[in-house]
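Results of the structural survey
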Amino acid sequence: ASSKEGGWMKSTKAMQLKTQNGENTGVILQVSTQQGSNVAEALVFIPQAYIVDDENGGRKLVTK
């Protein structure tokens, strides 16, 4: 999401992590925020989470 008039941008990225055997270990989530020339980044590991399709045609994180 972004606002040219407001001078801000937000971005979220997620990546599923698996072992070499294909077993799920969790998800790495990165959140970026920019306000003018100021940028903030956050990175977190969510153990045993999965990225799945949601009911609106997008994607979401779930835990089991």
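Our subject is the structure that appears above.
Quick caveat, the model's predicted, so the values are computed rather than measured.

When helices and strands are counted, the chain shows zero helices and six strands. In the chain, the order of α-helices and β-strands from amino to carboxyl end is β-β-β-β-β-β. In terms of overall dimensions, the chain has a C-alpha envelope of 45 × 25 × 15 Å along the principal axes. Looking at the 64 residues of the chain, the share that counts as buried comes to 11%. In the chain, the proportion of contacts linking residues at least 24 apart, taken out of those at least 6 apart, comes to 19%. Taken as a whole, the chain presents about 4900 Å² of accessible surface, with 52% of it coming from carbon and sulfur. One way to put it: in the chain the 7 positive side-chain charges average out to a point 2 Å from where the 6 negative ones average out.

Residues in a regular strand point their side chains to alternate faces of the sheet. In this sheet, strand β3 (residues 24-35) lies alongside strand β2 (residues 8-18) in antiparallel orientation, the contact comprising eleven bridges. Counted as the bridge partner of M9 is Q34 from β3. Between β2 and β3, which pair antiparallel one after the other, the connecting turn spans five residues, and G22 there sits at a positive phi close to 90°. Summarising the sheet, β3 and strand β4 (residues 38-47) pair through ten bridges and their orientation is antiparallel. For Q35, the partnering residue across the bridge sits in β4 and is N38. Hairpin connection between β3 and β4: a loop of two residues separates the two successive antiparallel strands, and G36 in this loop has a positive phi of roughly 65°.

All right, on to the pattern of salt bridges then. Counted under the stated rule, the structure contains two salt bridges. The partner of R59 in a salt bridge is D53, and the shortest N-O contact between them spans 2.6 Å. On the basis of relative accessible area, R59 is assigned to the exposed category, the value being 53%. The salt bridge involving E55 is made with K60; its shortest N-O contact spans 3.6 Å. You can call E55 exposed: its relative accessible area is 66%. A residue is classified by how much of its surface remains accessible, and K60, at 35% relative accessible area, is partly exposed.

This part takes up the environment of L43. Residue position: L43 is located in strand β4. Exposure remark for L43: the relative accessible area of 62% places this residue in the exposed category. Put simply, L43 and L29 are 14 residues apart on the chain and 5.7 Å apart in space, counted from C-alpha to C-alpha. If we skip the residues at most four places from it in the chain, L43 touches I28, L29 and Q30.

As paired elements, strand β5 (residues 49-53) and strand β6 (residues 59-63) share five bridges and run antiparallel to each other. Residue pairing for β6: V52 is matched across the bridge by K60.

Calculation criteria
- Residues numbered from 1 in each chain as written.
- Predicted model: local features only at pLDDT ≥ 70, side-chain atom pairs only at ≥ 80, totals over all residues.
- Heavy atoms only, no water.
- Helix = DSSP H or I, 4+ residues; strand = E, 2+ residues; numbered from the N terminus.
- Buried < 20%, exposed > 50% of the residue type's maximum accessible area, 1.4 Å probe, protein only.
- Contact = heavy atoms within 4.5 Å.
- Areas by Shrake-Rupley, 256 points an atom, 1.4 Å probe, with all protein chains shown as cover.
- Lys, Arg positive; Asp, Glu negative; His and termini not counted.
- Charge placed at Lys NZ, Arg CZ, Asp CG, Glu CD.
- Pairing = 2+ DSSP bridges.
- Salt bridge = Lys/Arg side-chain N within 4 Å of Asp/Glu carboxyl O.

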